[in-house]
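Observations on chain architecture
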Amino acid sequence: MKVEIRQAVDSDRDIFIEYAVKLSNFNRNNHSNECTYDNYESVIHTIKQNAYETFNSRNDDTLILIAELEGTPVGYALGRIFEENEAADNGTGRMGLFDELFLEDAARGHGLGQRLLDETVNWMKDKGINRIKLHAYSWNDHAKKLYARNGFKEYAVSYETFI
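One structure accompanies this document, and this report is about it. (Residues numbered from 1 in each chain as written. Predicted model: local features only at pLDDT ≥ 70, side-chain atom pairs only at ≥ 80, totals over all residues. Heavy atoms only, no water.)

1. Digging into the sheet that holds strand 4 (residues 93–103)
- Pairing is mixed across the open sheet formed by 5 strands, whose spatial order is 1-2-3-4-5. Pairing within the sheet leaves two strands with one partner each, and these edge strands are strand 1 (3–7) and strand 5 (132–134). The average undirected angle you get between the axes of adjacent strands in this sheet is 25 degrees.
- Both strand 1 and strand 2 (residues 62–69) contribute to a ladder of 5 bridges, which runs antiparallel. (Pairing = 2+ DSSP bridges. Helix = DSSP H or I, 4+ residues; strand = E, 2+ residues; numbered from the N terminus. Axes fitted to C-alpha atoms, helices over the stretch in contact; angles between N-to-C directions.)

2. Focus on the environment of tryptophan 123
- Mapped onto the elements of the fold, tryptophan 123 is located in helix 3 (residues 112–126).
- In this structure the C-alpha to C-alpha distance between tryptophan 123 and threonine 62, which are 61 residues apart in sequence, comes to 9.9 Å.
- Among all residues touching tryptophan 123, those that are not within four sequence positions of it are Asp60, Asp61, Thr62, Leu63, Gly79, Arg80 and Ile81. (Contact = heavy atoms within 4.5 Å.)

3. Description of the side chain of lysine 133
- Looking at the element boundaries, lysine 133 is found in strand 5.
- Polar contacts involving the side chain of lysine 133 include one to the side chain of glutamate 84, which spans 2.5 Å.
- Residues contacting lysine 133, with those up to four places away along its chain left out, are Phe82, Glu84, Asn90, Met95, Gly96, Leu97, Phe98 and Tyr155. (Polar contact = N/O pair within 3.5 Å; in protein donor to acceptor, adjacent residues only side chain to side chain.)

4. What to know about the pairing of strand 3 (residues 72–84)
- Strand direction decides the pairing type here: strand 2 and strand 3, joined by 8 bridges, are antiparallel. Note that in strand 3 the partner of isoleucine 66 across the bridge is tyrosine 76.
- Between the antiparallel neighbours strand 2 and strand 3 lie 2 residues, among them glutamate 70 with a positive phi of about 50 degrees.
- Pairing geometry for strand 3 and strand 4, over 10 bridges, is antiparallel. Bridging across to strand 4, tyrosine 76 finds its partner in phenylalanine 102.

Below is the structure:
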């Protein structure tokens, strides 16, 4: 099985937007029903708009990777480098953000998530970044295991309630 991880090119814009929507759908389907009270069509519209802007404004501090199996796109990753807010009490300066990762169901279990993470981390190292943040939902055990295996440690916890 031919596996390829490559940087996105201009013709990948629609693929990137499609995968941003698929990531949202994946997350939405795993959230509790209490979280799904809003107008999801409006959410999707905004996700598409944000993905479009992210893709079109990518620069040296943005990395979009496309994963392919047998020449067919099956997922993506988005990495960014940013300047942490100067008031951050847990450290400031330039750091990396492993912002998004999504793979089609059929592409899971082939090590593509690991490869997308590795290539993003290596890109950040090459840019002189020595600290990377990421976010994972508490219900996403597969993602949390991937990140833990790669040295990521929990540093903040979010809580919510419905009243």
